[in-house]
Amino acid sequence: MTKLIEQAFELAKQRYAATGVNVEQVLDQLDRIPVSMHCWQGDDVRGFENPQGLLTGGIQATGNYPGRARNAAELRADLEQAMALIPGAKRLNLHAIYLESDGPVARDEIEPQHFRGWVTWAKQHQLGLDFNPTCFSHAKSADGFTLAHADAGIRQFWIDHCKASRRISAWFGEQLGTASVMNIWVPDGMKDLTVDRFAPRQRLASALDEIIREPLNPQHHIDAVESKLFGIGAESYTVGSNEFCFGYACSRQTALTLDAGHFHPTEVISDKISAALLYVPRLLLHVSRPVRWDSDHVVLLDDETQAIAHEIARQNAFDRVHIGLDFFDASINRIAAWVIGTRNAKKALLRALLEPTASLRQLEQAGDYTARLALLEEQKSLPWQAVWEAWCLRHDVPADASWLSEVRQYEQHILRQRQG
């Protein structure tokens, strides 16, 4: 099998060379592009703060597949199993509720020490860490408002939580030598008709200003704000809408987060990347798959995933665009979900990098749209799969679906032994 893959790879290099693409250079670049995997796929967004793990904030994890991680040790073991089956550079994205502590810790009192185990583990595996304050699944978010809350005391609680999260994020960057992107998303909104839409947005903007007021080393920490169209319980009004977050990121020069599921069903984030990069310094992408709404299905190698990768590659914006994943499916093997989604994201990046973009751009500038369309379509039939399989072998991971047998063995010996 290995010999066949190597032979196919040599032929593929020749085919791509005929289009002006150096495959070895592409693979060198792909090796340097990390994808930030999300920890919350492994435990259905429950975290370790509350054993009950009640999920609120307009989001849901559906299904009851056996083997959910119940603590940090199990979650890290599951991540290691998934990462061993995914080629190339990776990061891990943590939420604040994944802290480790001997006793209860209020969210506005979290500290770096509560994530020391994660940093030690990240160093061992040469991973960068990203971070998120958790502004949901809490008694003080039960009425659907956090940073935009009319009660100053509750609002201050969430401000302090986000401030504490920023300090943890900066500590991640300092310890690991790679900047942590900290994404702020809030569930604030209303279920039905809303009379005063302005005041909550005033409060949210003021709260965010207070949160980011303390200067932090950009080599260690990057602030990002994330919009959403709606959530369960906030169908009619979302305080942190696209217009709000885009305006905030532009005016304060923070990063802007674009989540593939946080827009109208006919909108796609691939078309927003080039527009947003004109006005904000950085983008954080949450690559997901919405089905009818923000349902966070496992990422496929579909048209939109490919379009996202193409847009980044065509603008050569890898130094300004941070790629993260965001899905959680409790109806299938959770490790398989990570592997499928992350491998698909990396396949899309590979296919984008194998495109002869310079030649296509020249055709476009010359007005030869016929040749542009013809070559774009011919690209789809070139042997990118042979390049993918060879790249997998270089990283000592399965080149085909044989990775599933390793996941099945892990499920049989580890996941199905877990109770509760």
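Residues numbered from 1 in each chain as written. Predicted model: local features only at pLDDT ≥ 70, side-chain atom pairs only at ≥ 80, totals over all residues. Heavy atoms only, no water.

A.B. asks: Can you help me understand the UniProt feature "binding site: Mn(2+)" (unreviewed entry) in the protein in this one?
C.D. replies: As recorded in UniProt, the sites labelled "binding site: Mn(2+)" (unreviewed entry) are H262, D294 and D296. Taken along the chain, the residues just named run across 35 residues; in space they keep tight, none of their C-alpha pairs more than 9.8 Å apart. Cross-referencing the annotated residues with the largest cavity identifies H262, D294 and D296 as lining it. Note on placement: H262 falls in the loop between β8 (255–259) and α8 (273–277). Discounting chain neighbours no more than four positions away, the residues touching H262 are W185, E226, S227, K228, L229 and D294. By the element assignment, D296 lies in strand β11 (residues 293–297). Excluding residues that lie within four positions of it along the chain, D296 makes contacts with S288, R289, D326, F327 and F328. (UniProt positions renumbered as here; feature names shortened; annotations may be inferred. 1 Å grid on protein atoms, 1.4 Å probe; cavity = no way out; pocket = protein on both sides within 12 Å on 5 of 7 lines; lining within 4 Å. Helix = DSSP H or I, 4+ residues; strand = E, 2+ residues; numbered from the N terminus. Contact = heavy atoms within 4.5 Å.)

A.B. asks: Would you explain empty space enclosed by the protein in this entry?
C.D. replies: One simple way to see leftover space: roll a probe sized like a water molecule over the atoms. Counting across every chain of the model gives four cavities of 30 Å³ or more. Taken as a whole, the largest cavity encloses approximately 200 Å³ of empty space. For the lining of the largest cavity, the class distribution of residues is seven nonpolar, five polar and six charged. In this structure, the second largest cavity is lined by L285, V287, T305, I308, A309, I312, I323, A345, A348 and L349. Broken down by secondary-structure element, the contributors of at least two residues to the lining of the second largest cavity are β9 (283–287), α9 (303–314) and α10 (334–353). The greatest single-element share of the lining of the second largest cavity, amounting to four residues, is contributed by α9. (Points joined across faces, edges and corners; volume = space filled by probe spheres on them. Nonpolar A, V, L, I, M, F, W, Y, C, P; charged D, E, K, R; others polar.)

A.B. asks: What exactly am I supposed to notice about the pairing of β8 here?
C.D. replies: Two faces belong to every sheet, and in a regular strand the side chains alternate between them. Of all five residues that make up β8, five are buried, and the element is covered over most of its length. Burial along β8 is two-sided: the face carrying A255, T257 and D259 and the face carrying L256 and L258 are both buried. Where strand β6 (residues 221–226) and β8 come together, three bridges link them in parallel fashion. Residue pairing across strands places E226 opposite T257, the latter belonging to β8. Pairing geometry for β8 and β9, over four bridges, is parallel. The partner of D259 across the bridge, within β9, is H286. (Buried < 20%, exposed > 50% of the residue type's maximum accessible area, 1.4 Å probe, protein only. Pairing = 2+ DSSP bridges.)

A.B. asks: Before we go on, may I ask you to explain helix α13 (residues 384–394) in this structure?
C.D. replies: Quick reminder: α-helices carry 3.6 residues per turn. Residues three or four places apart thus point the same way. Across the 11 residues that make up α13, a large majority, eight, are buried. Every buried residue belonging to α13 is among W384, A386, V387, W388, E389, A390, W391 and C392, and all of these are buried. Packing partners of the buried residues in α13 comprise α1 (2–17), α2 (23–31) and α10. In the stretch just after α13, D396 is the one whose phi turns positive, near 55°.

A.B. asks: Even after reading the chapter, I still don't get unusual backbone geometry, so can you show me in this structure?
C.D. replies: The phi angle of most residues is negative, glycine excepted, and most peptide bonds adopt the trans form. One non-glycine residue with positive phi stands out, namely S137, at about 55°. Inspection of the secondary structure assignment puts S137 in the loop between β3 (128–132) and α5 (152–176). A positive phi angle, close to 55°, is found at D396, a residue other than glycine. The topology assignment puts D396 in the loop between α13 and α14 (403–413).

A.B. asks: Looking at this structure, I do not really get the environment of F244. What am I missing?
C.D. replies: Position of F244 among the secondary structure elements: in helix α7 (residues 242–252). F244 sits 69 residues away from Q175 along the chain, and the two C-alpha atoms are 33 Å apart. Not counting the four nearest positions on each side in its chain, F244 is found in contact with R201, L204, A205, L208 and V239.

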